[in-house]
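Overview (structure and organization)
The residues making up each chain are set out below.
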Amino acid sequence: MDFSLEQTAKLLQSSSTIILTAHVQPDGDCLGSMLALNHYLVSIGKNVRMVLDDDVPALFKFLPGYHAIQKPTPKVISADLLIVLDASDIERIGKVKEHVEAPILNIDHHVSNTKFADYWYIDRQSAATGEIIYQLLTMLKVNITADIATCLYTAIATDCGFFRYANTSVQTMRYAADLMECGAKPNVISEYMETKPLESILTLSKVLETLELHYNGKIATITVLPDTLSNLDSTEGFINYPRVIEGVEIAIMFKVMSEGIIRISFRSKTADVSKLALTFGGGGHARAAGCAIMGRIDDVTKEVLEATIKQLTEVAS
Ligand SMILES: [Mn+2]
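Calculation notes
Residues numbered from 1 in each chain as written. Predicted model: local features only at pLDDT ≥ 70, side-chain atom pairs only at ≥ 80, totals over all residues. Heavy atoms only, no water. Donors = N, O, S within 2.8 Å, 3.2 Å for Na, K, Ca; no water. Helix = DSSP H or I, 4+ residues; strand = E, 2+ residues; numbered from the N terminus. Buried < 20%, exposed > 50% of the residue type's maximum accessible area, 1.4 Å probe, protein only. Pairing = 2+ DSSP bridges. Axes fitted to C-alpha atoms, helices over the stretch in contact; angles between N-to-C directions. Contact = heavy atoms within 4.5 Å. Core = buried A, V, L, I, M, F, W, Y, C linked by side-chain atoms within 4.5 Å. Domains from an automatic or database assignment. Buried area = accessible area lost by both parts, 1.4 Å probe. Salt bridge = Lys/Arg side-chain N within 4 Å of Asp/Glu carboxyl O. Disulfide = S-S within 2.5 Å. Right-handed = clockwise from strand over helix to strand, strands pointing away. Arc of directions from axis to C-beta.

1. Details of the coordination of the manganese ion
The expected angle between donors at a tetrahedral four-coordinate metal is 109.5 degrees. At an octahedral six-coordinate metal it is 90 or 180 degrees. Every protein donor of the manganese ion is listed here as D29 (OD), D86 (OD), H109 (NE2) and D159 (OD), and their distances to the metal cover 2.1 to 2.3 Å. Within one chain, the residues donating to the manganese ion are spaced in sequence as D-x56-D-x22-H-x49-D. With a gap of 57 residues between them, D29 in helix α2 (residues 28-43) and D86 in the loop between β4 (81-85) and α3 (96-99) connect regions that are remote in the sequence. Looking at D29, the relative accessible area reads 0%, which means it is buried. Judged by relative accessible area, D86 falls into the buried class, the value being 1%.

And the structure:
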């Protein structure tokens, strides 16, 4: 059922046991939104738990409250409400869907949202789910603490590339300013997120050796093999290098995981790569999307490149 922000707020207030979750391969938006909402719900005495079917990447381990995030277990737990944040499809929450038995409320901003929940509030105009959470808390006249402000600023800033991407709106900048007034410190957050372990820079130099250009230089690919990688966190931001090459329209990163799964990230300057990701069972935004495919790296690379070229050809014609 399509909910207004008011109905969303009422549902939160009428539920006493609430589980919060977000998508796997967590980013700043889903973590910041989940933690901010958790801070608020705890403060009004709700029985809340955060469950996530993935690790919190090291670069987000400054977000207040992240220690309380748990992993799903095989045991089934029930609650009044399961809130799914920043995820466009039920598959994106991994094992949490089997672990929790509760009506689902989905709060999201992805264009590719499949309306899978019992109730949903989807605002495709928002640059981040963090913007929606900020609107919700403001509507409820919540006292935005410095901890909540830090979480929401991080959510918003990371999803708009620190106010550089096309989704950055006047509203985005206003919310960020409000959150600074509530105690968010942009310089401290950026400094923390930019700091990388030496290993990450050494991995980057190996991954850049795999750079290939296709289709007259309009597509750039990089490939991360399991033996280049000892820490899965460390590929964060790598896709930006092929993306910024002059003449490149679409950048693709292939990350070979264990068990034959290949995680693929797409970035584009103008093309809608969410459609491309959707073809392979993934999703995301027009300029940033992703999917996972089972198979051999050579076959998968060929298949994805063909689909990408096809999309560029169709747009051009
Ligand atoms: Mn998001």
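2. Focus on the sheet that holds strand β6 (residues 104-108)
A sheet is described by the order of its strands in space; here five strands give the open sequence β2-β1-β4-β6-β7, paired in parallel fashion. Strand pairing shows two members of the sheet lacking a second neighbour, β2 (47-50) and β7 (119-122), which therefore form its edges. For this sheet, the mean inter-axis angle between neighbouring strands, taken without regard to orientation, is 15 degrees. The strands touched by helix α4 (residues 129-139) within the sheet are β4, β6 and β7, with β6 carrying the most contacts at an inclination of about 110 degrees.

3. Overview of the nonpolar core
Counting 53 residues, the largest nonpolar core has L20, L31, L37, I69, I83, L137 and L179 as its most contacted members. Looking at this core element by element, the count peaks at eight residues for α2. In this structure, L179 is in contact with Y134, I144, A149, L152, Y153, I156 and A184, ignoring residues within four places of it in sequence.

4. What about the domain arrangement of the chain?
When the parts come together, some accessible area is lost, and that loss is often what is quoted as the size of the interface. Taken domain by domain, the chain comprises domain 1 (5-193) and domain 2 (198-316). Just the C-alpha atoms count here: the centres of domain 1 and domain 2 sit 26 Å apart. Between domain 1 and domain 2, the residue contacts involve 11 residues of the former and 11 residues of the latter. Between domain 1 and domain 2 lies a buried interface of about 820 Å² when both sides are counted; carbon and sulfur atoms form 52% of it. When the area that domain 1 buries against domain 2 is broken down by residue, the three leading residues are Q25, V111 and S112, summing to 38%. At the junction of domain 1 and domain 2, the tally comes to zero salt bridges.

5. Observations regarding the state of the cysteines
A covalent bond between the sulfur atoms of two cysteines is referred to as a disulfide. Applying the stated criterion across every chain, the model contains zero disulfides. Residue C160 stays outside any disulfide, its sulfur separated by 16 Å from that of C30, the closest cysteine. The thiol of C182 is unpaired, and the distance to the nearest cysteine sulfur, on C151, comes to 13 Å.

6. Considering the pairing of strand β1 (residues 17-22)
With five of six residues buried, β1 is to be regarded as a mostly interior element. Where β1 and β2 come together, four bridges link them in parallel fashion. If you follow T17 over to β2, its bridge partner there is N47. Handedness of the β-α-β unit built from β1, α2 and β2 comes out right-handed. The pairing of β1 with β4 spans five bridges and is classified as parallel. Pairing of A22 across the sheet is with L85, part of β4.

7. Quick look at helix α1 (residues 5-14)
Taken residue by residue, α1 has L5, T8, A9, L11 and L12 as its buried positions. Looking down the long axis of α1, one finds its buried residues gathered within 160 degrees of arc, a one-sided arrangement. More than 90 degrees from the buried face of α1, the exposed residues found are K10 and S14. Against β1, α2, β4, β6, β7 and α4 lie the buried residues of α1.

8. Things to note about the pattern of salt bridges
Side chains that carry opposite charge are capable of pairing whenever their charged atoms lie near each other. Under the criterion given, the structure shown has seven salt bridges. The salt bridge partner of K97 is E91, with a shortest N-O separation of 3.4 Å. By relative accessible area, E91 is classed as exposed at 52%. Residues E98 and K97 are paired through a salt bridge, measuring 3.4 Å at the closest nitrogen-oxygen approach. Residue class for K97 comes out partly exposed when judged on its relative accessible area of 29%. Overlapping salt bridges bring together E91, K97 and E98 as one network.

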